[in-house]
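Now for the letters of each chain:
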Amino acid sequence: MPTNFTVVPVEARADGGGDDAAERTEAPGPPEGPELDSPSPAGDGNPRENIPFVNSVEVEKEVFFEGKNMALFEEEMDSNPMVSSLLNKLANYTNLSQGVVEHEEAEDSRRREAQTPRMGTFIGVYLPCLQNILGVILFLRLTWIVGAAGVLESFLIVAMCCSCTLLTAISMSAIATNGVVPAGGSYYMISRALGPEFGGAVGLCFYLGTTFAGAMYILGTIEIFLTYISPSAAIFQAEGAAGEAAAMLNNMRVYGTCTLALMAVVVFVGVKYVNKLALVFLACVVLSILAIYAGVIKTAFDPPDIPVCLLGNRTLSRRSFDVCAKLHADSNGSATTTLWGLFCNGSQPSATCDEYFAQNNVTEIQGIPGVASGVFLENLWSAYAHKGSYVEKQGMPTASVLEESRASGLPYVLTDITTYFTLLVGIYFPSVTGIMAGSNRSGDLKDAQKSIPTGTILAIVTTSFIYLSCVVLFGACIEGVVLRDKFGEALQGNLVIGMLAWPSPWVIVIGSFFSTCGAGLQSLTGAPRLLQAIARDGIIPFLQVFGHGKANGEPTWALLLTALICEMGVLIASLDSVAPILSMFFLMCYLFVNLACAVQTLLRTPNWRPRFKYYHWTLSFLGMSLCLALMFICSWYYALIAMLIAGCIYKYIEFRGAEKEWGDGIRGLSLNAARYALLRVEHGPPHTKNWRPQVLVLLNLDAEQRVKHPRLLSFTSQLKAGKGLTIVGSVLEGTYLDKHLEAQQAEENIRSLMGAEKTKGFCQLVVSSNLRDGTSHLVQSAGLGGMKHNTVLMAWPASWKQVDNPFSWRNFIDTVRDTTAAQQALLVAKNVDLFPQNQERFGGGSIDVWWIVHDGGMLMLLPFLLRQHKVGGRGGGSIDVWWIVHDGGTLMLLPFLLRQHKVGGSRLVPVESSLGDAAQSSWQSNLPTRMSERAEFLNVGQDRKAGGDREAQLIHDRNTASHSAVAARTRAPSSPDKVQMTWTREKLIAEKYKNKDTSMSGFKDLFSLKPDQSNVRRMHTAVKLNEVVLSKSQDAQLVLLNMPGPPRSRQGDENYMEFLEVLTEGLNRVLLVRGGGREVITIYS
């Protein structure tokens, strides 16, 4: 794929078209008056030719728009600009970062006024990254890590952490070279490339990591001050050796809180001074590292004299004694030393002493023997220890003491925490963070796409070399017991790495103090601005209050929140406990960056075009895997908490819907996954075990494009315990060119109703010349691939009896036929407006299932799905299954099915009824003639103006009378009130020939309405079945019935509608169910 291309403008005319274009650029705007007819000064001097496709008279009358002389495209230029205009805008492209708008505008105006040159790679990226990566862990913990883990494992820890940041920097370089780098720091660069969801999650993880880093730097500052600079400044004094740790923690909390408050005030008042002091802090770091290397070189030929006192193989603290001996010579011979008094109950030689002290000798060794001493081999392996263990020199002879009781107050050097490999990884990792410091200045860089990759990777390589070389040099120069002495107690309370440095230990102490103090100030400066940028992006609504600040854009509220979160880290008061916390957040941030880059490359996202030539998706994948591994290596429970926080942030942004859409490439992951799943689903129909209702909901719209029956969507959401597909479809009558705006409005109305009813699915609206064709198109083509509907849900056409609406029932029956032909199940909800909403509950009633025939088991599956929803009761109420006709053994499945679904209160009730006995008599039986009377009633209504009143009087609609009769029988079964309608052959012949002389059409209508024997049986069955259903299920919350298929001949369509009307008469909520021709339940697991 070529990445370099050249845009060549096409000259309008070879004889001066370029000059004409130049003149148009210099003097834009339409000429007025007679200038329109005057020849152009540029070109050949001839007037402009008339446009061949446009009337020249109209052109002369209209205002002439420069640049729009291409008549074929004139109408499109209002919305689609010309390529020349587009390239002109791209050439003048500027991108102010969202977030601190006022601050960025002030900075831009200041830069324009001063016209200072922008920073290059060294000053703008390399040095800031160097300053942020090298910090407190190098000075306070690296020697201890080498002593505990050994040179080999320490080298592995450093190599893993540095590799993680290097791979992340390569991914960042790919992001930086993917397009124009926004002038807003690493958050803007990442969020605009990854999208609002990932951008928000990465941004907040980065913010929390930076905030806890500030707490870590403050704790490091206080530890240096109280331990190595002024131990006497401690407020809380330890009463004994056991209380030293608690007193130190309390001192750290008090001094840390005061330091945090002071730093917050400095950042609030004069942040510009913090930025100006950054060079001073960087100089402290560089000088300290140079002093370390100078001290290492000096040990090769002149090792320093730093004695360490050992009792047996145990290291002794030199804070409380000077002479490393039990006895010393004086004028009277020999006398006991201060050390003797610490281990014995008196200063006399005959005093009782500690058993271990009595049996072991006191020796003195050099703490820093130098590079040539060979101590490197002793420090090669790990020496992990439990909390409270003695710091012992390996290989030193000692006399062991059985059942020793450790008396408090003895001057031993003890380990303060239990050490193990994973703990050291978590403590060390913060020392390699800070790789995004250079990208934070992207707006000040001369060439961000070149400087960010080069400077960041060069800084990581430099710091990695420094860390790895320090691991090796510390192990080669310093004695193992001194390395494991975290606070330098064996060195009279001096900093271990300071004793190695040259020319003085104070170079390291003062340098590390100011560098950690400056790092804390920079964290408190950068974290609030990062939070303000996230808040002003609007992707997390509850953070928007932190987007406000002072008039110059300083983030006041964000600084307050940052100080509060930082105070939480300060109150922990332990550098070793805070470091793993911020490690988690930084690792989570780096993981998201690597994941996003790898996914976008694998998905071949069109907008993902990194130009960094050393980038490959495998590096991002390796970096992501390494970040995830390091998270669980450091602390598995911290890792789970950090992942939970990041996941909640991601889902919250996704749930609320980000106000900003930056066109992220991660959305391609969903598209590829959907495509893969659709192709997998395409292979054959699903097994019966996997069958679930994929529902197409057919909605009717009113004149204002609003849904007529919103309860249909409520019922759909209640039915979707099966978690299948839902497609909400509707049809607009007309042509798409005329109705596209109304179609958009209707679709918006349907989507809003779906959101209100919590219906998860898709909306598909069709504009068709008639409703019949549009509905057929939906039934045939809704869905995609294997994700097609297998069930159609629609409302019963309540207005089918109206004379002025003859097409509603025809469309309904045609839809039934379409679903049958497509082998799709059909659900028809009658009286759907009486169905419960999602907020309502069934009042303890039952769901009655009338299983007349077996057509796949839909009647048994639907009650189970409805009961999974809170409206259906979730275990309350009962499901009553009634059957009349034996269906060849399928009823044996019912008890097992109900037990498997654990439906409480369900029962099977056979209904003894002979529905077919009376139907055997053809013409003398009780024959309800509603289907014939209904058709005749419609014909009479059309001929009423012609004087056909006699037919209307002869044949009347008895639906109301029949319904009242059934209701009366239900209320008082002892005194039934039956409406009997008896036809005889003579009466039929008389009615048939009564109107023979009026008109031929009337004769044909009556003749066509002859109730043949099949219609007689059907209607008789409908009446009898309706009576039985009413007597058993009138109080049911929902009645499910088998829905018979329409007649094969269209001449009986109206009789079919009347049959269904009679079948469901008197019932409040009815769901007619027709199977799709396949089994949907199985007895097998």
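Remember, predicted model here, so these are calculated numbers, not experimental data.

Glancing now at helix α5 (residues 121-133). Along its 13 residues, α5 runs 17 Å from first to last C-alpha, staying within 8% of the 18 Å computed at 1.5 Å per residue. Turning to α5, its buried residues number three or more, namely Gly124, Val125, Tyr126, Leu127, Pro128, Cys129, Leu130, Gln131 and Ile133.

As a further point, take the sheet that holds strand β2 (residues 314-315). The strand order across the open sheet built from 3 strands is β2-β1-β5, with neighbouring strands paired in antiparallel fashion. The open sheet terminates on both sides in strands that have one partner only, identified here as β2 and β5 (362-366). Pairing between strand β1 (residues 307-311) and β5: 5 bridges, direction antiparallel. Paired with Leu310 across the bridge in β5 is Thr363.

The next subject is the packing of helix α10 (residues 244-269) against helix α21 (residues 556-572). Contact geometry of α10 with α21 gives a least axis separation of 10 Å together with a crossing angle of 165°. The pairing of α10 with α21 is recorded here as roughly antiparallel in orientation. Once α10 is placed against α21, the crossing between them reads as right-handed. Residue-level contacts link Met252, Arg253, Gly256, Thr257, Leu260, Ala264, Val267 and Phe268 of α10 to Thr556, Leu559, Ala563, Cys566, Glu567, Val570, Leu571 and Ile572 of α21. When the residues that make up the contact of α10 with α21 are grouped by side-chain class, the tally is 11 nonpolar, 3 polar and 2 charged.

The subject of this paragraph is the side chain of Asp848. For Asp848, the position within the fold is in strand β11 (residues 846-851). Looking at Asp848, the relative accessible area reads 1%, which means it is buried. With residues near it in sequence (within four places) discarded, Asp848 still touches Asp880, Trp882, Lys1032, Ser1033, Ala1036, Leu1038, Val1039 and Leu1040.

Its 17 residues give α21 an end-to-end C-alpha distance of 25 Å, which sits within 8% of 24 Å, the value for a rise of 1.5 Å per residue. Residues of α21 that are buried: Ala558, Leu559, Thr562, Ala563, Ile565, Cys566, Glu567, Gly569 and Val570. Buried residues along α21 sit in contact with α9 (196-229), α10, α20 (505-537) and α22 (575-602). One or two steps after α21, the chain reaches Ala573, where phi turns positive at roughly 70°.

Attention shifts here to the side chain of Glu479. With respect to the secondary-structure elements, Glu479 resides in the loop between α17 (448-477) and α18 (480-483). Judged by relative accessible area, Glu479 falls into the buried class, the value being 8%.

Before going further, it helps to spend a moment on the pattern of salt bridges. Think of it this way: side chains of opposite charge can pair up when their charged atoms draw near. The full count for this structure, using the stated rule, is 15 salt bridges. Residue Lys298 is joined to Asp302 by a salt bridge in which the shortest nitrogen-to-oxygen separation is 3.4 Å. The partly exposed category is assigned to Asp302, whose relative accessible area is 36%. Among the salt bridges present, the one from Asp814 reaches Arg772, with a minimum N-O distance of 3.1 Å.

If you walk through the whole model with that rule in mind, you get 2 disulfides. Each sulfur of the disulfide joining Cys309 and Cys324 lies 2.0 Å from the other. Its S-S torsion of about 80° marks the bond between Cys309 and Cys324 as right-handed, since a negative value means left-handed. Here the residue Cys309 occupies a position in strand β1, and Cys324 occupies one in the loop between β2 and β3 (327-330), the gap between them amounting to 15 residues. Given the relative accessible area of 0%, Cys309 is considered buried. Assessed through its relative accessible area of 13%, Cys324 is described here as buried.

What is expected of a backbone is that most residues other than glycine have negative phi and most peptide bonds are trans. Geometrically, the link from Trp502 to Pro503 is a cis peptide bond, its omega value of 15° lying close to zero. The residue Pro503 is located in the loop between α19 (496-500) and α20 in this model. Phi angles above zero are rare outside glycine, and Gln492 is one such case at about 60°. The topology assignment puts Gln492 in the loop between α18 and α19. On the basis of relative accessibility, which here comes to 46%, the residue Gln492 falls in the partly exposed class. Unusually for a residue other than glycine, Gln823 sits at a positive phi of about 55°. Position of Gln823 among the secondary structure elements: in the loop between α29 (808-821) and β10 (825-830).

A cluster of basic side chains, namely Lys758, Lys760, Arg841 and Lys870, defines a positive patch on the protein surface. Along the polypeptide, Lys760 turns up in the loop between α27 (736-756) and β8 (762-768). Here Lys760 falls in the exposed class, since its relative accessible area comes to 73%.

Here we take up the confidence of the model for the protein. Regions with low pLDDT should not have their predicted coordinates read in detail. Of all residues in the protein, 73% have pLDDT values of 70 or greater, and the mean over the chain is 76. When the criterion is pLDDT under 50, residues 1-7 qualifies, and its contacts beyond four places in sequence or with other chains add up to 2 contacts. Within the model, pLDDT remains below 50 along residues 92-104, and this stretch shows 31 contacts once partners closer than five positions in the same chain are excluded.

Conventions we followed
- Residues numbered from 1 in each chain as written.
- Predicted model: local features only at pLDDT ≥ 70, side-chain atom pairs only at ≥ 80, totals over all residues.
- Heavy atoms only, no water.
- Helix = DSSP H or I, 4+ residues; strand = E, 2+ residues; numbered from the N terminus.
- Expected span 1.5 Å × (residues − 1).
- Buried < 20%, exposed > 50% of the residue type's maximum accessible area, 1.4 Å probe, protein only.
- Pairing = 2+ DSSP bridges.
- Axes fitted to C-alpha atoms, helices over the stretch in contact; angles between N-to-C directions.
- Parallel < 35°, antiparallel > 145°, perpendicular 65-115°, else oblique.
- Left-handed = near helix turned anticlockwise from the far one by under 90°.
- Contact = heavy atoms within 4.5 Å.
- Nonpolar A, V, L, I, M, F, W, Y, C, P; charged D, E, K, R; others polar.
- Salt bridge = Lys/Arg side-chain N within 4 Å of Asp/Glu carboxyl O.
- Disulfide = S-S within 2.5 Å.
- Patch = residues over 30% accessible without salt bridge, like charges linked within 9 Å, V, L, I, M, F, W, Y side chains within 5 Å.
- Areas by Shrake-Rupley, 256 points an atom, 1.4 Å probe, with all protein chains shown as cover.
- Lys, Arg positive; Asp, Glu negative; His and termini not counted.
- Charge placed at Lys NZ, Arg CZ, Asp CG, Glu CD.
- pLDDT = per-residue confidence, 0-100.

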